[in-house]
Amino acid sequence: MTQAPRKAHVVVVGAGFAGASLVRNLPSTLRRRGQTLLVDRQEEYPFIPLIHEVAVGRLHPESTLSPIAPLCRGRCDFLKAEAQDLDPVSKTLYTSAGPISYEYLVMAAGSRASRPPEALEEHFRLFWTLEDALRLRSDLNTAWRTTTGPSRGTGQPGDLTVAVVGGGATGVELAAEIAVLFQYLKKRTAGKPREAPRIVLLEASDRLMGWLDPYFHEVAMEELSRLGVEVRLNSTVEDAGESGIRAGGEWFPACTRVWAAGIDLPPLIRSLPGDHDPSGRVRVDAHLSLPDHPEVYVLGDAGLYEDPRHGQLPPTASVAVQQGPWAARDLDRRLRGASSEDRPPFDFFDRGYVVSLGPESAVAEAVGAKFRGPAAQALYRSIFLYYLKDRRHRFLTGADWAMERTIGRLGFGTPEPGAASVEKS
Ligand SMILES: Cc1cc2nc3c(=O)[nH]c(=O)nc-3n(C[C@H](O)[C@H](O)[C@H](O)COP(=O)(O)OP(=O)(O)OC[C@H]3O[C@@H](n4cnc5c(N)ncnc54)[C@H](O)[C@@H]3O)c2cc1C
C-alpha cells in the first residue's frame, strides 16, 4: 500500500547552521501548526566547527551536541527522517519516513567530506563528523600510549607521525591542535616516547587557506612552524599504505593519516536540477533558489551562490547563518504576495573570518582589521559561544575550555598499564 504523503506548507531539510537559523526566524504565519516541518536524519546536531577540539580532548563530545526537538518548540514540527529523493514537479520530497508534499522546500542538508582517490581511501581517516573526531582521538591516544608504554609501539618509524592532507582552514586548525596536544602530553607523561612526535601538513597548492586573504597563510605558516608542524606546499599525495605516504615525490612514514581536503555533496543534492560545480554544489539565483524551481531554496554548503560583490561564497557556517534568516524573510514576503521584483536579492555581509591556531592563538580578519594571537583566539571563542545558541551548550563548552588546565584533556587520561606516568587521575 502506498503511504499518503504528509503535507506542510514549508519543508526544511537539515537542522544545521542554515536550517536552524531559518527556523529561529520563521515569520508568525509559518509558526502555526502544520505550516512548517523540519526534517533531519539526526536527533542531535553536532557543532561541526569545534570537532577538532573534540579530537584532541579539549572538548567533551556532549558539549558539541544540541538536541533538535527543542529548537522546534512553538515554531514547527520535527520529523527525524532521511531525505532521499525529490520530485520538484509534483513537489514531493521522499524520505525514509515516507513522502512529504510541500509548497516551498528549503534544502539545507550541508555537505560531506571529499574522499581520497579510491585506491588510497582505506589508508586515510576522514575528518568531518563527530564520530570521525572521536576515532581520531582514539588513534592519537593509542599512538601516544603505545610509544611511551612498555610495548613502545609497533617499533616501526612513524608511530607518532600524523599526516594531515589539506591546507584549508580545517587541516590547519587540526594540525595546530595536534601539535599542542603532543606538547601537552610530553609535559604530563614521565616516559619519553620512543620517537619524536611529528605532524606533517600537506597542501597541493602553494598557499594555505587559498580563498582567504594572504595574511591568513602568512600567520599560519609562522604559527605552525613555531608549533613544530612541517608544512609541505605544492605537495600532492601520490600513494599511501599502512605505514606511510608518498607526496611530492617523497615517501615518509606516518601511522596516523587524515584526509581533510575539501567538500563533496551527496547524491540528493547532485540530483537537483540545474548547474553543479565539481564538488556537487548546485547553483542558486539571487533569491537562493533553483532557477527552474523558485519554490526550492538551497542554502548553506549545498548551494553555490555567486555574490555580485564578493564572488562565489565559500561553504562556511558564517555564510549559512546569514542565508537562513534571509530565506525566512523572503518566505514571509512571498506569503504576503510579493512578486520577484519586490523581493530584494540575498545580500551577504562579510563579517570576516577567524581560524584557530591552537588554544593560545588564532588569525582573524574582522570588519576590515587583521589581527592574530590571543586576541584573535578570544574572538574565535566568543563567536562560537554566540553561535552555540542554547545556554546549556554555552556553559558546557565554556566549562570544558576553563577546566582543561585543571582536570586535563578528555580521552587522554589512561596510560597503558605499566607505563610510567605523571597523569592526574
Ligand atoms: C571540521 C570542520 C570545521 C569547520 N570550521 C568552520 C569554522 O571554523 N567556521 C565556519 O564558518 N565554518 C566552518 N566549517 C564549515 C561549516 O561547518 C559548514 O559550512 C556549515 O556546517 C554548513 O551549514 P549547513 O547548514 O549548510 O549544513 P550543516 O551544518 O552540515 O547541517 C546539515 C544538516 O542536515 C542534516 N542532513 C544532511 N543530509 C540529510 C538528509 N539526507 N536528510 C535529512 N537530514 C539531512 C544533517 O544531519 C545536519 O543536521 C567547518 C566544517 C568542518 C567539517
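Given the structure is predicted, the values throughout are model-derived calculations rather than measurements.

Conventions we followed
Residues numbered from 1 in each chain as written. Predicted model: local features only at pLDDT ≥ 70, side-chain atom pairs only at ≥ 80, totals over all residues. Helix = DSSP H or I, 4+ residues; strand = E, 2+ residues; numbered from the N terminus. Rg over C-alpha atoms; globule rule 2.2 N^0.38 Å. Buried ≥ 20, exposed ≤ 12 C-beta atoms within 10 Å, placed from the backbone. Contact = placed C-beta atoms within 7 Å. Pairing = 2+ DSSP bridges. Axes fitted to C-alpha atoms, helices over the stretch in contact; angles between N-to-C directions. Near = placed C-beta within 6 Å. Expected span 1.5 Å × (residues − 1). Domains from an automatic or database assignment. Core = buried A, V, L, I, M, F, W, Y, C linked by C-beta atoms within 7 Å.

K.L.:
How do you make sense of the overall build of the protein chain when you look at a structure like this?
P.N.:
In terms of helices and strands, the protein chain carries ten helices and 27 strands. For a compact globule of 425 residues, the expected C-alpha radius of gyration is about 22 Å, and the protein chain comes in at 23 Å, within 12% of that figure. Each of the three principal axes of the protein chain carries a C-alpha extent, and together these read 70 × 50 × 45 Å. Counting over 425 residues, the protein chain shows a buried share of 44%. Partitioning the contacts of the protein chain with sequence separation of at least 6, the portion at a separation of at least 24 is 67%.

K.L.:
Hey, could you run me through the sheet that holds strand β15 (residues 244–247) in this one?
P.N.:
By definition, the strands of a sheet pair up through backbone hydrogen bonds, in either a parallel or an antiparallel sense. Pairing is antiparallel in the open sheet, where three strands are placed in the order β14-β15-β16. The strands lining the two open edges of the sheet, one partner per strand, are β14 (237–240) and β16 (250–253). Strand-to-strand twist in this sheet, taken as the mean axis angle between neighbours without regard to direction, amounts to 25°.

K.L.:
How should I be thinking about the site of the ligand in this particular structure?
P.N.:
G14, G16, P49, G110 and G300 are the nearest of the 33 residues found near the ligand. Of all the elements in the fold, those that place two or more residues in the shell around the ligand are α1 (17–24), β2 (36–40), α2 (51–55) and α8 (317–335).

K.L.:
Could you clarify how one ought to interpret helix α6 (residues 214–226) in this entry?
P.N.:
Residue pairs spaced three or four apart in an α-helix point in one direction, given the helix's 3.6 residues per turn. With 13 residues, α6 should reach 18 Å at 1.5 Å per residue; the first-to-last C-alpha distance of 19 Å fits that figure. Listing the buried residues of α6 in full gives F216, H217, V219, A220, E223 and L224. Buried residues along α6 sit against α5 (169–188), β12 (198–202), β13 (229–232), β25 (352–356), β26 (362–366) and β27 (369–372). Of the residues trailing α6, G228 is marked for its positive phi of about 90°.

K.L.:
Could you clarify how one ought to interpret unusual backbone geometry in this entry?
P.N.:
Backbone geometry follows two general trends: most residues other than glycine have a negative phi, and most peptide bonds adopt the trans configuration. One non-glycine residue, N234, lies in the positive phi region at around 50°. Residue classification places N234 among the exposed residues on the basis of 12 C-beta atoms within 10 Å. Even without being glycine, L288 reaches a positive phi, approximately 55°. Of note, L288 is situated in the loop between β19 (282–283) and β20 (289–290).

K.L.:
I would appreciate a short explanation of the domain arrangement of the protein chain in the present structure.
P.N.:
Where interface size is given, it is often the accessible area lost as the parts come together that is meant. Once the domains are mapped, the protein chain shows domain 1 (6–41 + 81–111 + 265–350) and domain 2 (115–261). Using C-alpha coordinates to define each centre, domain 1 is positioned 36 Å away from domain 2.

K.L.:
Whenever I open this one, the environment of E195 confuses me. Can you help?
P.N.:
Looking at the secondary structure, you find E195 in the loop between α5 and β12. For E195, a count of 16 C-beta atoms within 10 Å gives the class partly exposed. Sequence separation between E195 and E223 is 28 residues; the distance between their C-alpha atoms is 23 Å. When sequence neighbours within four positions are dropped, the list of residues in contact with E195 reads T147, P157, D159 and L160.

K.L.:
Help me out: how do you make sense of the nonpolar core in this one?
P.N.:
Here is a general trend for soluble globular proteins: nonpolar side chains tend to be buried in one another's company. Counting residues in each nonpolar core, the largest one holds 66 residues, and the members touching the most others are V164, A175, I178, A220, V258 and V355. At eleven residues, the largest contribution of residues to this core is made by α5. Those residues in contact with I178, other than ones at most four positions away along the chain, are V56, L140, V162 and I199. Judged by nonpolar contacts, the second largest core, of 55 residues, contains L37, L79, L93 and Y102.

K.L.:
Just checking my understanding: could you explain the sheet that holds β25 for this structure?
P.N.:
Judged by pairing direction, the sheet is antiparallel, and its three strands sit side by side in the order β25-β26-β27 without closing on themselves. The sheet is open, and its two edges are formed by β25 and β27, each paired on a single side. Across the sheet, the axes of successive neighbouring strands diverge by a mean angle of 10°, strand direction being ignored. Two elements, β26 and β27, share four bridges in a ladder whose sense is antiparallel. Bridge assignment links E365 to a residue of β27, and that residue is K370. The strands touched by α6 are β25, β26 and β27; relative to β26, the strand with the most contacts, the crossing angle is about 165°.

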